Protein chains: 2
Amino acid sequence: MITGKNYIGSRTSSLGSKIFKTFNPISNKENEQTFYEASTQEIKEAVDLAWEAFLYYQDFSGERKSEFLNAIADEIESLGDDLIDMYCAESGLPAGRAMGERGRTVFQLRSFAELIKKGDWVEAHIDTALPDRAPIPKPDIRKMMTALGPVVVFGASNFPLAYSTAGGDTAAALAAGCPVIVKSHPMHAGTGELVASAIIKAARKTGMPQGVFSNLNSSGIEVGVQLVQHPQVKAVGFTGSIRGGRALYDLAAKREEPIPVFAEMGSVNPVVFLPEALMKRGDSLAKTYAGSVTLGTGQFCTNPGLLFGIKGDALDQFISRLSEEIVLIEPGCMLHPNIIGNYEANKKKALSQPGLKLVTEYEQAIGHNVARQAVTTVEGTTFLQNPALHQEVFGPFTMVVQCKDKEQLEAIILKLEGQLTGTLIAEGNEVNTFSGVVDALRNRVGRIIFNGVPTGVEVCPSMVHGGPYPASTDSRFTAVGIDSIKRWVRPFSYQDWPNNLLPDALKNENPLGIIRLVNNQLSTEAL
Amino acid sequence: MITGKNYIGSRTSSLGSKIFKTFNPISNKENEQTFYEASTQEIKEAVDLAWEAFLYYQDFSGERKSEFLNAIADEIESLGDDLIDMYCAESGLPAGRAMGERGRTVFQLRSFAELIKKGDWVEAHIDTALPDRAPIPKPDIRKMMTALGPVVVFGASNFPLAYSTAGGDTAAALAAGCPVIVKSHPMHAGTGELVASAIIKAARKTGMPQGVFSNLNSSGIEVGVQLVQHPQVKAVGFTGSIRGGRALYDLAAKREEPIPVFAEMGSVNPVVFLPEALMKRGDSLAKTYAGSVTLGTGQFCTNPGLLFGIKGDALDQFISRLSEEIVLIEPGCMLHPNIIGNYEANKKKALSQPGLKLVTEYEQAIGHNVARQAVTTVEGTTFLQNPALHQEVFGPFTMVVQCKDKEQLEAIILKLEGQLTGTLIAEGNEVNTFSGVVDALRNRVGRIIFNGVPTGVEVCPSMVHGGPYPASTDSRFTAVGIDSIKRWVRPFSYQDWPNNLLPDALKNENPLGIIRLVNNQLSTEAL
């Protein structure tokens, strides 16, 4: 069933000479299938085809595009256990997680389908003419969102489905009217090919133009570099490391025509435990956070890597309970030998910093590629002075920063880099006492959580998954939820354009029945 | 009245040793006042103060911020003739234009004041909790737009009021909740100081924090470079040349924390004249376009620098009528000797290109710094092969490209760089015959105009002033109209946040009475 080839539109292709295999971290063996990395020629063909598709696809109705997205969801479901098996073999993640992520992927596709079928998202604005206005007449101007052009999506290592081939970036870009070229993640090229085949089937069934979607294999960085530099590529979506995301951002910024790169990158997701809450609920918080730190073997971008508290008995007690609880949890396999290799190296590097203490680490016998979860502590003063301690250790690792007092806590938060999330654990009136800390946290994150855990990113319109750099390269957008479509569109104005030539969203009759801003008033009426 | 000093918040300061004067292009003499370029110390003080102000100002209610913006408008009007006189002395533009531009500036400020007073613009989204959802409960998540931080605004040479000190960028940023530091344009530092004094007065009267606005003088690029590189500056607005805008974009992209730069840059604003329209209305079109090319001495970013037609008698006749009409217009003074120097140099450079013919140029005696308008022609094939001919000649200059046929016209449009505007001049059914040309144009511009002129940028919600690079550095935003506020904000989510601690826009009671997306339905109701 798996060919190992690239999809250039609906055509499979294997012109390149570079081949690679994926790896099963549980069996600790390479998987069987050979994949062909895309050649320069194949990259060019995929982008040229995407550009041709764009000229038609950008004007497809919301209805037609929604049929396509729903068909993709159907075809992914039709892949059945083949997809789940492949996902598990290429990630070491359990079947339950695979099914959950498939559900999320399908939900995202159907949410975007619903959004574009409704059609209001285009932000239709109409200002009608005032031909008699003095000193000069006012023209008729109408505005709506339009697609940017072909988008390149980089598959994420830690979400083989929900942030890869048909994941959030792809669904949002296709919904916007942008053809997508996926740079498949080398760790799960088979999962990628299966999902790509589902998209291609859906494209055929719903009459989409050739090139609306392509899937290119890669084992290293060359394919991605060439894609980002191609003049007909107009935007980039990425989920992964700061180093990777920044490299793509830099490449895109150096182009003759710079293009937007939305990279969702690293985050240590600070959690602030206020004293009264620790005193009253320290034990249950320790249990909850042992779970959150180790969830998915710590391979979530919202993993709580930094815990802050003010020194005292309650914090000491919390640290010791957290350490006890975390080693009760069965350690998990990481996605790939490279990932666990980085985990161990980064953990070691962190522990080599003066003042960082290892409080506990899972010590029993473990299988291949299984990560030993760890809890560390450090003094606030030491943390404040050493930026190396602020870096993410991707995996089931957390650091409890023991602050001297409220002032030091606030000073530390102010110095943190941008984060996806910030969490506040507090009792009733504590928030008012610590308002400086809360304000500082607010300016460093994209989402702030009260008495919860940062892991678990709800897919809904109110979600912001993004944040100040380096949480993302453009904090003005979210990577999750329907508003993530805004990353791939630009506003476009028609001035005095004849009604019959306008897109339906802007016609006098309002044939789509959408909500529009007409002369500064929201309305669904015809003009 | 003019001190020549910088405003660091409400404090005037002149620590630097570099001084300069502005120039009156009509009298061809320096103006009297000496200005002090901001020193590194003053730049640092202004940004530090802006950051402190940000921590308060970002949370001010729409009502309070709207009072500030309206007060700025009032204070600008109170400057009376002093402002108009200074404007004219520093720009060579006539008093009528000065008054028109003041009216536009005040209108922009009041429009943003109205927008933020209403408050709907924050895009409040609420998804309420589902505590019983399986397998995991759904949290309560609420989202709204929040300010990015201190914004640096670069004054534009060609709009001393509407795109400078209190122009569109400043008004939008202050409305969004971002303190503003203006890098005043050296050509109109006196106009800038007057407007800055009005803003400072308004800030005092309405109780705004120190540092919500600062105005820094500069004669060269150093002040701007230091501002863009300062870690506490979070976004940049610029209107000017491609070279200048790109340099700022590159600086911002190379920062440790890259920041968004919205630069509205050059554009040649292609106009396509279809054959039937030229046949029927060639003479009146020639007169209209003679006016549009020379409007404001060609110093508008929407100046029509490229006119396209298909070879034939009608186009020949149009060229000869345009040439006759354009020299009937009294030539105007340009903004500064540097600007006319560049105009003459770029015109000469263009005319040195093989195949570009000068059809007419104003030849009578002219005053100091007055620009001779010019009409040139070139064959489509020549234009297609020589990208040097695609460059903007800022001033009253236009080039008529004589295309062989429809196919060549389409091929040329496809090759154009990104543009602010594209204009189609057509009779009834011609548009269908030339649909390929129209589609090509649409993908190259931010605004498309039917049977009009590109000059004249209406300030209204439907306006897009921006477009694919190099028209702007980020086509996802407009520089004109209320939606330009979106350049300076980011979405922010609160998860399970206590109702009493939420901002008013997201509280259950909806105390602001704004329109919100509640569980995916628009509503003004309380929860």
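Bear in mind that the values here come from a model prediction, so they are computed numbers and not experimental data.

Undergrad: Account for the pattern of salt bridges, naming residues and giving values.
TA: In total, this model carries 60 salt bridges over all chains according to the counting rule given. Two residues, Arg 476 of chain B and Asp 474 of chain A, come together in a salt bridge whose shortest N-O distance is 3.1 Å. Of this pair, Arg 476 of chain B sits in the loop between strand E20 (445-450) and strand E21 (489-495) while Asp 474 of chain A sits in the loop between strand E20 (445-450) and strand E21 (489-495), on two different chains. The exposure class of Asp 474 of chain A is buried, given its relative accessible area of 8%. The partner of Asp 140 of chain B in a salt bridge is Arg 142 of chain B, and the shortest N-O contact between them spans 2.9 Å. Across the pair, exposure class does not vary: Asp 140 of chain B and Arg 142 of chain B are buried alike.

Undergrad: Summarise the domain arrangement of chain A; cite the residues concerned and give the values.
TA: Residue and element names in this part refer to chain A. Split into domains, chain A comes out as domain 1 (6-265 + 477-487) and domain 2 (270-450). Computed over C-alpha atoms only, the centres of domain 1 and domain 2 are separated by 33 Å. Approximately 1300 Å² of surface area, both sides summed, lies buried where domain 1 meets domain 2, with 65% of it carried by carbon and sulfur atoms. Looking at the side of domain 1 facing domain 2, the largest losses of area belong to Pro 25, Asn 158 and Met 187, adding up to 34% of the total buried there. Counting across the interface, domain 1 meets domain 2 through zero salt bridges. Our enumeration of links across domain 1 and domain 2 arrives at four residue pairs in polar contact (both at pLDDT 80 or more). Classifying every residue of the side of domain 1 that touches domain 2 gives seven nonpolar, five polar and three charged.

Undergrad: Can you explain the interface of chain B and chain A? Please cite residues and give values.
TA: With 71 residues of chain B at the interface, the matching set in chain A holds 71 residues. Of the roughly 6400 Å² buried at the junction of chain B and chain A (both faces included), carbon and sulfur atoms supply 52%. Taken together, chain B and chain A are joined by ten salt bridges. A salt bridge links Asp 59 of chain A to Arg 442 of chain B; the nearest nitrogen and oxygen atoms lie 2.6 Å apart. Scanning the region where chain B abuts chain A turns up 50 residue pairs in polar contact (both at pLDDT 80 or more). Element by element, the count of residues in the side of chain B that touches chain A is highest for E21 of chain B, at seven residues. Class assignment for the residues of the side of chain B that touches chain A results in 36 nonpolar, eleven polar and 24 charged. In this sheet, E21 of chain B lies alongside E20 of chain A in parallel orientation, the contact comprising three bridges. Looking at the pairing, Arg 447 of chain A lines up with Ser 493 of chain B of E21 of chain B.

Undergrad: Report on helix H2 (residues 62-78) of chain B, specifying residues and quantitative values.
TA: Residues and elements named next belong to chain B. If you check H2, its first and last C-alpha atoms are 24 Å apart, about what 17 residues at 1.5 Å a residue would give, namely 24 Å. Looking at the buried side of H2, the elements it contacts are helix H1 (40-57), helix H3 (80-91), helix H4 (95-118), helix H5 (168-176) and helix H6 (189-205). With its phi angle positive at about 55°, Gly 80 sits one or two positions after the end of H2.

Undergrad: Break down the UniProt feature "domain: Aldehyde dehydrogenase" (unreviewed entry) in chain A for me, with residues and values.
TA: Look at the UniProt record and you will see "domain: Aldehyde dehydrogenase" (unreviewed entry) annotated at residues 18-459 of chain A. When the span residues 18-459 of chain A is considered, its composition is 44% helix and 18% strand, and the gap between its end C-alpha atoms is 38 Å.

Criteria and cut-off values
Residues numbered from 1 in each chain as written. Chains lettered and ligands numbered in written order. Predicted model: local features only at pLDDT ≥ 70, side-chain atom pairs only at ≥ 80, totals over all residues. Heavy atoms only, no water. Salt bridge = Lys/Arg side-chain N within 4 Å of Asp/Glu carboxyl O. Helix = DSSP H or I, 4+ residues; strand = E, 2+ residues; numbered from the N terminus. Buried < 20%, exposed > 50% of the residue type's maximum accessible area, 1.4 Å probe, protein only. Domains from an automatic or database assignment. Buried area = accessible area lost by both parts, 1.4 Å probe. Polar contact = N/O pair within 3.5 Å; in protein donor to acceptor, adjacent residues only side chain to side chain. Nonpolar A, V, L, I, M, F, W, Y, C, P; charged D, E, K, R; others polar. Contact = heavy atoms within 4.5 Å. Pairing = 2+ DSSP bridges. Expected span 1.5 Å × (residues − 1). UniProt positions renumbered as here; feature names shortened; annotations may be inferred.

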